[in-house]
Amino acid sequence: MKPLPELIRVKQSAGRGAVAALVFCLAVVCVAGCTTASRPPTAAPAKAAQPYPAADIVVQGAVDTELQPLLAALKGREPIQIAAWTFWRGRIAGKTVVVSRTEVGPVNASTATTLAIVNFRPRLIINQGTAGAAVADLELFDIVVGEATVDYGAFRSAQAGSGTGVDLSRWAPMPHRLRLDGKDRVAFDRFPGDAAAIAAALKIPNPRGRVVKGIVGSAFEFNREVDRLVWMNRTYGVVSEDMESAYAAGTAAGFKTPFVAIRIISDSEFHAAEFQPVAGEYCAAFVLDLVKRWSVRSTSSHDGQQSGQFGHNHPNVPPVSSP
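Residues numbered from 1 in each chain as written. Predicted model: local features only at pLDDT ≥ 70, side-chain atom pairs only at ≥ 80, totals over all residues. Heavy atoms only, no water.

Participant: Give a description of the packing of helix α3 (residues 106–120) against helix α6 (residues 245–255) that names residues and reports values.
Facilitator: Helix packing geometry: the angle between the two helix axes and the distance between the axes. Across the interface, α3 lies against α6 with an axial gap of 8 Å and an inter-helix angle of 35°. Once α3 is placed against α6, the crossing between them reads as right-handed. From α3, Pro106, Ala109, Ser110, Thr113, Thr114, Ile117 and Val118 reach across to α6, where they touch Tyr247, Ala248, Thr251, Ala252 and Phe255. In the contact of α3 with α6, the residues fall into eight nonpolar, four polar and no charged. (Axes fitted to C-alpha atoms, helices over the stretch in contact; angles between N-to-C directions. Helix = DSSP H or I, 4+ residues; strand = E, 2+ residues; numbered from the N terminus. Left-handed = near helix turned anticlockwise from the far one by under 90°. Contact = heavy atoms within 4.5 Å. Nonpolar A, V, L, I, M, F, W, Y, C, P; charged D, E, K, R; others polar.)

Structure, rendered in structure tokens:
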């Protein structure tokens, strides 16, 4: 039997309504799903950084070979990983010490120093490790205690047209500027080392060479041209070159945290060009001796430090020997 016409119309109308409702619901679900899918996942609320107990000293080294004697002496060693940078906290000779593997180069050095200061609030930072000689006076395994550090990659050249070549005489040093305490910008031609730390380091014996005071230079460079090394010394006053010290020092200056750079000569283009990896361990052993003898009340303040001057106008720049 066929349905009556009225009943058919009612059923057809109801059917069309149900289909329309179903289509509407599916559309709503689809739109909601698409909107949700296009929206980035909601991140969990970030927890505020919890600083660790304050440290007496942070000792930095870029690579593992510059850290081993320090890590071996660190009692109750606790590894701490903060993003891409590794720290170990423990005690040496009754002092709370944090050993920091900064990794290589300016970005790593500045970031690792910032993390060390914010998280551990040290009384002193010692940046140490290997360096190349920038003067012929320095011998393999001599140790340079940084009266200051300088970025010898910071310069401004005079204008020169196409085809005139590269002339280092047109390059002039350019200072770093820090807005200390959010006030006026202060120009730093170099970053002074902590006077008390320098004096203490100069008293530590080096069984493999001399301990001298000088200006430690840094840039993300590896220079093997003797003439350029001579130019670096004459222009910036540097006696050694590495890739981290000045950038760690500049960061410490911004936080007004006492700082000293200590570098051992691991190679010299003047008379011992082959890099000596063992030099890193020798420098770390020297710094370990300094840490053991260090009095936590000895550091001087960075307040009021002014920038120095480049080149041989500086009274403590050692003489340059001809290559």
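Participant: Kindly report on the environment of Leu288, identifying the contributing residues and their values.
Facilitator: Tracing the backbone shows Leu288 in helix α7 (residues 278–293). The spacing of Leu288 and Leu67 is 221 residues in sequence and 9.8 Å in space, taken between C-alpha atoms.

Participant: Could you give an account of unusual backbone geometry, naming the residues involved and the relevant values?
Facilitator: The backbone phi angle of Ala93 is positive, close to 55°, even though this residue is not glycine. Within the secondary structure, Ala93 sits in the loop between β3 (85–92) and β4 (95–101). At Lys256, a position not held by glycine, the phi torsion is positive, near 55°. Note that Lys256 resides in the loop between α6 and β14 (259–267). Residue classification places Lys256 among the partly exposed positions, given a relative accessible area of 31%. (Buried < 20%, exposed > 50% of the residue type's maximum accessible area, 1.4 Å probe, protein only.)

Participant: Before we move on, can you summarise the nonpolar core with the specific residues and values?
Facilitator: Looking at soluble globular proteins, one finds that nonpolar side chains tend to be buried together. The biggest cluster of nonpolar side chains holds 32 residues, and the ones touching the most others in it are Val99, Ile126, Ile262, Val287 and Val291. When residues in this core are grouped by element, the largest group, eight residues, is from α7. Contact partners of Ile126, with chain neighbours within four places excluded, come to Ile57, Val58, Val59, Gln60, Val260, Ile262, Val287, Leu290 and Val291. Listed in part, the 30 residues of the second largest apolar core include Ala55, Val98, Val239 and Ala261. (Core = buried A, V, L, I, M, F, W, Y, C linked by side-chain atoms within 4.5 Å.)

Participant: Explain helix α5 (residues 226–236) residue by residue, including any values.
Facilitator: Counting buried residues along α5, eight of its eleven residues qualify, which places the element largely inside the surrounding structure. Of the surrounding secondary structure, the elements contacted by the buried residues of α5 are β5 (124–133), β6 (143–151), β7 (155–157), β8 (171–173), β12 (211–218) and β13 (238–242). One or two positions beyond α5, positive phi appears at Gly237, with a value near 80°.

Participant: Lay out the packing of aromatic side chains with the relevant residues and their values.
Facilitator: We describe a pair of aromatic rings using the distance from one ring centre to the other and the angle between the two ring planes. This model, assessed by the stated rule, comprises seven aromatic pairs. On the numbers, 5.2 Å between centres and 25° between planes, the contact of Phe188 with Phe191 is stacked. In this structure Phe191 comes out as buried when scored by relative accessible area, which is 5%. Aromatic rings pair up to connect Phe155, Trp171, Trp231 and Tyr236 into one cluster. Cation over ring: Arg208 sits above Tyr282, and NZ or CZ is 3.6 Å from the ring centre. (Phe/Tyr/Trp six-rings, centres within 6.5 Å; stacked < 30°, edge-to-face > 60°. Lys NZ or Arg CZ within 6 Å of the ring centre and 35° of its normal.)

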